[in-house]
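Coordinate inspection notes
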Amino acid sequence: MSRHPPSDLEAAAEAAAASGYPALQLEGVGRTYGSGPAAVQALKDVDLVIRPGEFVVLLGPSGSGKTTLLNLVGGIEEPSEGRVVVAGNDIETLSAKERTAYRRDSVGFVFQFFNLVPTLTALENVEIIAELAGEDPAQRSREALDKVGLSEVADRFPGQLSGGQQQRVAIARAIVKEPPLLLCDEPTGSLDLATGRQVLAVLRALAREGHHTVLLVTHNSTIASMADRVVWLHSGAVTRQERVEAPVEARDLEW
């Protein structure tokens, strides 16, 4: 796949992958909303190291801090304390311009709701992101759709697609810029079992190819069995981590 010239952070991520350094490191990270008696501590003293190409599931109930953690890694929010280090770079030291470039080039987001533009085709929905990321947006968008198995529906509108197909278009949109980090917030939350399996199989394959480090937030403990590693959060703290010795295939999941 042809691609745009890498940003400094993208180049650092590639160097980190080649050298064996972490793709992502959280050091004593906390996030507090509000102040005084009304303050809410969403995350507290989180330490986490993720290797390049890992498929990591963040597991916990609603309110455990999972989405806040993704927002901090994605540069959407800033930690109240601690450091978020991506490919050796503390993202809190980035200028406003560099932070924008980081979100644009180094992070892909996949959400529970597809957020596709209904008046654009599947291809055009991917192209609107590809155009921000470099040359040949149409070609790179078609390649991204092919990677998620949707070449044949490129010219269909979201309303003509199933839920699983729409989510795979959303994944194509997230990966068209070839980000080192792919952050997924309940990506199967609105899907049935069969389509959820399809989406998870795509995400698992992207990590196995080594181009993306995947962090997937879910409250569905079954999905954890297909991860490389599971991180449990409760009340804003990491309570346990466990490596999965024999990850199952998405097609074998039941919930």
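Above this text is the structure in question.
Description of the structure in this document.

All right, on to the nonpolar core then. The tendency in soluble globular proteins is for nonpolar side chains to be buried side by side. Among the nonpolar cores identified, the biggest contains 44 residues, and F55, I171, L182 and L203 are the most heavily contacted of them. Among the secondary structure elements, those contributing two or more residues to this core are β3 (55-59), α4 (122-133), α5 (137-147), α6 (163-175), β7 (181-185), α7 (193-208), β8 (213-218) and β9 (229-234). Excluding residues within four positions of it along the chain, L203 makes contact with F55, I171, L182, C184, P187, V214 and L216. If you look at the next biggest cluster of nonpolar residues, it comprises 26 residues, including V84, V86, L181 and V231.

Let's shift gears to the pattern of salt bridges. Per the stated rule, a full pass over the model turns up 11 salt bridges. Notably, a salt bridge pairs R31 with E77, separated by 3.2 Å at the nearest N-O pair. Note that R31 is positioned in strand β1 (residues 24-33) and E77 in the loop between α2 (66-73) and β4 (81-86), a separation of 46 residues in sequence. In this structure, R31 and E77 share a single accessibility class: buried. One salt bridge connects E54 with R243, and the closest N-O pair in it is separated by 2.8 Å. Of the two residues, E54 sits in the loop between β2 (40-50) and β3 while R243 sits in strand β10 (residues 237-243), which places them 189 residues apart along the sequence. Relative accessible area serves as the criterion here: at 34%, R243 is assigned to the partly exposed category. Taken together, the salt bridges that share partners define one network made up of E27, R83 and D90.

Here 6 strands make up an open sheet; going across it, the order is β6-β7-β8-β3-β9-β10 and the pairing mixed. The outermost strands of the open sheet, each flanked by one partner alone, are β6 (107-110) and β10. With strand direction ignored, the average angle separating the axes of adjacent strands in the sheet is 20°. Across 4 bridges, β6 lies against β7 in parallel orientation. Opposite F109, over in β7, you have L183 as the bridge partner.

Quantified by volume, the second largest pocket comes out at close to 230 Å³. What lines the second largest pocket is simply R104, V107, G108, F109, F111, N115, I129, L132, A170, R173, A174 and K177. Mapped onto the lining of the second largest pocket, the elements with two or more residues apiece are β6, α4 and α6. Across the lining of the second largest pocket, the residue classes break down as 7 nonpolar, 2 polar and 3 charged.

Scoring rules and cut-offs
- Residues numbered from 1 in each chain as written.
- Predicted model: local features only at pLDDT ≥ 70, side-chain atom pairs only at ≥ 80, totals over all residues.
- Heavy atoms only, no water.
- Core = buried A, V, L, I, M, F, W, Y, C linked by side-chain atoms within 4.5 Å.
- Buried < 20%, exposed > 50% of the residue type's maximum accessible area, 1.4 Å probe, protein only.
- Helix = DSSP H or I, 4+ residues; strand = E, 2+ residues; numbered from the N terminus.
- Contact = heavy atoms within 4.5 Å.
- Salt bridge = Lys/Arg side-chain N within 4 Å of Asp/Glu carboxyl O.
- Pairing = 2+ DSSP bridges.
- Axes fitted to C-alpha atoms, helices over the stretch in contact; angles between N-to-C directions.
- 1 Å grid on protein atoms, 1.4 Å probe; cavity = no way out; pocket = protein on both sides within 12 Å on 5 of 7 lines; lining within 4 Å.
- Points joined across faces, edges and corners; volume = space filled by probe spheres on them.
- Nonpolar A, V, L, I, M, F, W, Y, C, P; charged D, E, K, R; others polar.

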